[in-house]
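# Residue-level structure breakdown
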Amino acid sequence: MSTTQLRVAGFAELDARTFHDLVRLRVDVFVVEQECAYPEIDGRDVEPGTRHLWLAHDGAPVAYLRILADPGGVARIGRVVVAPEARSAGHAGRLMTAALAEIGDRPCVLDAQSHLVDFYTRHGFTVSGPEYVEDGIPHTPMRRKR
């Protein structure tokens, strides 16, 4: 029987193969599927305060997000991604729930692709600024206070 497991790690806890597979998932969706040429490897994955959360199905990542430590004790959720073959199975919601448990009472921000604002609203986020376009995709800044 196949299983999907939640995993949480800092960069120092990731082995090379796992990091490769996580970045490949991000590139496959954000760079290839969404046709956005941008610097996916931005240096923030290795920061000491960054937490990587992913769901692994039979060992392979099918959904991922990262939590960054922004100035002032603010957590920033980003790179939320689900593999095409794993969509509509509740993986993004499961990851968001786990991420918010990890963040706890700290304030949290994210930049949602605008078509996903309702999804993030269900997790307690509210729009915190005007919509903008990044890499050809409309985004909306959002914030969650605890």
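Everything below is about the structure shown above.
Residues numbered from 1 in each chain as written. Predicted model: local features only at pLDDT ≥ 70, side-chain atom pairs only at ≥ 80, totals over all residues. Heavy atoms only, no water.

### Some thoughts on the overall build of the chain
Scanning the chain from N- to C-terminus turns up three helices and eight strands. Starting at the N terminus and walking to the C terminus, you meet the elements of the chain as β-α-β-β-β-α-β-α-β-β-β. Taken over the C-alpha atoms alone, the chain extends approximately 40 × 35 × 30 Å along its principal axes. Put simply, the chain has 146 residues, and 42% of those count as buried. Here the contacts in the chain between residues at least 6 apart in sequence split such that 60% fall between residues at least 24 apart. Surface summary for the chain: the accessible area is close to 7,900 Å², and the carbon and sulfur share equals 54%. (Helix = DSSP H or I, 4+ residues; strand = E, 2+ residues; numbered from the N terminus. Buried < 20%, exposed > 50% of the residue type's maximum accessible area, 1.4 Å probe, protein only. Contact = heavy atoms within 4.5 Å. Areas by Shrake-Rupley, 256 points an atom, 1.4 Å probe, with all protein chains shown as cover.)

### Structural notes on the side chain of D70
Assignment of secondary structure puts D70 in strand β3 (residues 60-70). Among the polar contacts made by the side chain of D70, one reaches the side chain of R44 at a distance of 3.1 Å. A polar contact of 2.6 Å, which involves the side chain of D70, links it to the side chain of R76. D70 has contacts with R44, R76 and V109, leaving out every residue within four places of it along the chain. (Polar contact = N/O pair within 3.5 Å; in protein donor to acceptor, adjacent residues only side chain to side chain.)

### Some thoughts on the nonpolar core
The biggest cluster of nonpolar side chains holds 37 residues, and the ones touching the most others in it are L65, I67, I77, M96, L110, Y120 and F125. If you list the elements that add at least two residues to this core, you get α1 (16-33), β2 (51-57), β3, β4 (74-82), α2 (91-103), β5 (108-113) and α3 (117-121). (Core = buried A, V, L, I, M, F, W, Y, C linked by side-chain atoms within 4.5 Å.)

### Details of the pairing of β3
Counting buried positions over the eleven residues of β3 gives nine, a clear majority of the element. Two elements, β2 and β3, share seven bridges in a ladder whose sense is antiparallel. Looking across to β3, one finds that H57 is bridged to A60. As consecutive antiparallel partners, β2 and β3 are separated by two residues, and within that stretch D58 has a phi angle of approximately 50°, a positive value. With seven bridges connecting them, β3 and β4 associate as antiparallel partners. Opposite I67, over in β4, you have I77 as the bridge partner. Connecting the antiparallel pair β3 and β4 is a turn made up of three residues, with G72 showing a positive phi of about 80°. (Pairing = 2+ DSSP bridges.)

### Things to note about the layout of surface pockets
Taken as a whole, the largest pocket spans an internal volume of roughly 970 Å³. Along the walls of the largest pocket sit 39 residues, with F30, R79, V80, Q113 and Y120 positioned nearest its centre. For the lining of the largest pocket, the secondary structure elements donating two or more residues are α1, β3, β4, α2, β5, α3, β7 (132-134) and β8 (137-144). With seven residues, the single largest contributor to the lining of the largest pocket is β4. When grouped by side-chain class, the residues that make up the lining of the largest pocket number 20 nonpolar, nine polar and ten charged. (1 Å grid on protein atoms, 1.4 Å probe; cavity = no way out; pocket = protein on both sides within 12 Å on 5 of 7 lines; lining within 4 Å. Points joined across faces, edges and corners; volume = space filled by probe spheres on them. Nonpolar A, V, L, I, M, F, W, Y, C, P; charged D, E, K, R; others polar.)

### With respect to the environment of T121
Along the chain, the position of T121 falls in helix α3. Residues T121 and P107, spaced 14 residues apart in sequence, show a C-alpha to C-alpha distance of 15 Å.

### Remarks on α2
Over its 13 residues, α2 runs 18 Å from end to end, which matches the ideal 18 Å to within 8%, given 1.5 Å per residue. Considered for burial, the residues of α2 that qualify are H91, G93, L95, M96, A98, A99, L100 and I103. One or two positions beyond α2, positive phi appears at G104, with a value near 70°. (Expected span 1.5 Å × (residues − 1).)

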